[in-house]
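Residue-level structural notes
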Amino acid sequence: METSRPSHISSLRGAPLAVFVATRAEARPLWMALCSTSRAPHLSDSVARAQLQDREVVLATTGMGREHAEAAARRLFDEVPGAVAFSVGVSAGLDPQLRPGDLVVADQVSFHRRSGGADHTFSCDSGLKESAVNVVRRSGKRCHLGPIVTVDQIVLTAKEKRDLAARSGALAVDMESAAIAAAAAARSVPFLAIRAILDPVEEDLRIAFDQFLDHRGEPRPGSLARYLFAHPLALISLVGLGLRTKAACRHLGRLLRELSSILA
């Protein structure tokens, strides 16, 4: 396991914030809450920039999956030296105590093969972790501290989630955090993953996302329309997931804003 040296928050004052999310659906509400703006960012180039309390904030929309996330992180760390990195967004819960909207602050993140165990584990920065937990608890949101596991395919069913929980011991699963942590470790960048629970462990998402998402995890409008025509009941689930995503990412944006003031 690669570990990060304990950081002193004072040493991170003024450091740019590099914030990574997988999809535009996560990026838009998060950015609007983070920057207290009513305007959505222009994300055609997958990167948005702003000044927040005299600190540079860069939001990278990586696309879903390990390869996209790690490549985006490496590029951004080259462009923004001395940054502090956050992997944020929504994820599936693996612990029965987690409810939709709960926040998981990672103490470590790991890659996990579908057919085997973890192949690499990264510890999160201790100073960032402690600060994030304090901010979340002050906000009144339910906060859970523990491991997050990164996999290479969307985990859909309750059975898949329970099996992954048993193999990994993680609280939540995503498809990007360990990849961003790998890029951060290679450049000695302080890193933390914070994820909001979208679907709890017992919720089945019986939606064939592969039929309408492109290689970056963004919906293809024509394919989505055809899928919904063939599966009209899926519209209810997709609308519900979209509303949960928007609310969760707004809260994550406000959390990052408060964390920035602590690091200032």
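Residues numbered from 1 in each chain as written. Predicted model: local features only at pLDDT ≥ 70, side-chain atom pairs only at ≥ 80, totals over all residues. Heavy atoms only, no water.

1. Considering the overall build of the chain
From N to C terminus, the chain includes seven helices and nine strands. The C-alpha radius of gyration of the chain comes to 17 Å, within 12% of the 18 Å expected for a compact globule of 264 residues. When its C-alpha atoms are laid out on the principal axes, the chain stretches across 55 × 40 × 35 Å. Burial status across the chain gives 53% buried among its 264 residues. Counting only contacts in the chain whose residues sit at least 6 apart along the sequence, the fraction spanning at least 24 positions is 77%. The distance from the centre of the 33 positive side-chain charges to the centre of the 28 negative ones in the chain is 4 Å. (Helix = DSSP H or I, 4+ residues; strand = E, 2+ residues; numbered from the N terminus. Rg over C-alpha atoms; globule rule 2.2 N^0.38 Å. Buried < 20%, exposed > 50% of the residue type's maximum accessible area, 1.4 Å probe, protein only. Contact = heavy atoms within 4.5 Å. Lys, Arg positive; Asp, Glu negative; His and termini not counted. Charge placed at Lys NZ, Arg CZ, Asp CG, Glu CD.)

2. Some thoughts on the environment of Ser87
Note that Ser87 resides in strand β4 (residues 84-93). In this structure Ser87 comes out as buried when scored by relative accessible area, which is 0%. For the pair Ser87 and Ala193, spaced 106 residues apart in the sequence, the C-alpha separation amounts to 4.6 Å. Every residue in contact with Ser87, bar those within four places of it in the chain, is listed here: Phe20, Ser177, Ile180, Phe191, Leu192, Ala193, Ile194 and Arg195. In terms of polar contacts, Ser87 uses its side chain to reach the side chain of Arg195, at 3.0 Å. (Polar contact = N/O pair within 3.5 Å; in protein donor to acceptor, adjacent residues only side chain to side chain.)

3. Looking at the environment of Phe77
By the secondary structure assignment, Phe77 is in helix α2 (residues 66-79). With 59 residues separating them along the chain, Phe77 and Ala18 place their C-alpha atoms 8.1 Å apart. Not counting residues up to four positions away in its chain, the partners in contact with Phe77 are Ala18, Phe20, Ala85, Ile180, Ala183, Ala184, Arg187 and Val189.

4. Things to note about the pattern of salt bridges
The tally for this structure, following the rule as stated, stands at 13 salt bridges. The partner of Asp78 in a salt bridge is Arg187, and the shortest N-O contact between them spans 3.2 Å. Taken together, the residues span a long stretch of sequence, with Asp78 in helix α2 and Arg187 in the loop between α5 (177-186) and β9 (191-199) at a distance of 109 residues. We classify Arg187 as partly exposed; its relative accessible area is 31%. Close ionic contact of Arg138 with Glu258 constitutes a salt bridge, the shortest N to O distance being 3.0 Å. Placement of the pair is Arg138 in helix α3 (residues 126-139) and Glu258 in helix α7 (residues 234-263), with a sequence separation of 120 residues. For Arg138, a relative accessible area of 56% gives the class exposed. (Salt bridge = Lys/Arg side-chain N within 4 Å of Asp/Glu carboxyl O.)

5. Considering α5
When you tally the buried positions in α5, you get eight out of ten residues, the bulk of the element. The complete set of buried residues in α5 reads Ser177, Ala178, Ala179, Ile180, Ala181, Ala182, Ala183 and Ala184. Backbone geometry just downstream of α5 places Ser188 in the positive-phi region, at approximately 55 degrees.

6. Describing the pairing of strand β1 (residues 17-21)
Taken across its five residues, β1 has five buried, putting it largely inside the fold. By the alternation rule, side chains of β1 split into Leu17, Val19 and Val21 and Ala18 and Phe20, which are all buried. Sheet topology note: the β1/β4 ladder contains four bridges and is parallel. Directly across from Phe20, in β4, lies its bridge partner Ser87. (Pairing = 2+ DSSP bridges.)

7. Some remarks on unusual backbone geometry
For Ser188, which is not a glycine, the phi torsion comes out positive at approximately 55 degrees. Along the chain, Ser188 falls in the loop between α5 and β9.

8. Brief notes about the packing of α3 against α7
Between α3 and α7, the least distance of the axes is 10 Å, while the angle of their chain directions is 125 degrees. When the axis of α3 is compared with that of α7, the two are oblique. In the packing of α3 onto α7, the handedness of the crossing is right-handed. Between α3 and α7, the contacting residues are Leu128, Ser131, Ala132, Val135, Val136, Arg138 and Ser139 on the first element and His251, Leu255, Glu258, Leu259, Ile262 and Leu263 on the second. Tallied by class, the residues present in the contact of α3 with α7 amount to eight nonpolar, three polar and two charged. (Axes fitted to C-alpha atoms, helices over the stretch in contact; angles between N-to-C directions. Parallel < 35°, antiparallel > 145°, perpendicular 65-115°, else oblique. Left-handed = near helix turned anticlockwise from the far one by under 90°. Nonpolar A, V, L, I, M, F, W, Y, C, P; charged D, E, K, R; others polar.)

9. Re a nonpolar patch on the surface
Residues Leu235, Val239 and Leu243 make up a contiguous nonpolar surface patch of roughly 280 Å² in combined accessible area. Within the secondary structure, Leu243 is located in helix α7. Taking the relative accessible area as the measure of exposure, Leu243 reaches 56% and is therefore exposed. (Patch = residues over 30% accessible without salt bridge, like charges linked within 9 Å, V, L, I, M, F, W, Y side chains within 5 Å. Areas by Shrake-Rupley, 256 points an atom, 1.4 Å probe, with all protein chains shown as cover.)

10. Focus: the packing of helix α1 (residues 24-34) against α7
Packing of α1 against α7 brings their axes to within 7 Å, and their N-to-C directions diverge by 40 degrees. In terms of orientation, α1 and α7 fall into the oblique class. The element α1 and its partner α7 pack so that their crossing is right-handed. Counting all contacts with α1, which are made through Ala25, Glu26, Pro29, Leu30, Ala33 and Leu34, the residues of α7 involved are Thr245, Lys246, Cys249, Arg250, Leu252, Gly253, Arg254, Leu256 and Arg257. Taken together, the residues of the contact of α1 with α7 break down into eight nonpolar, two polar and five charged.

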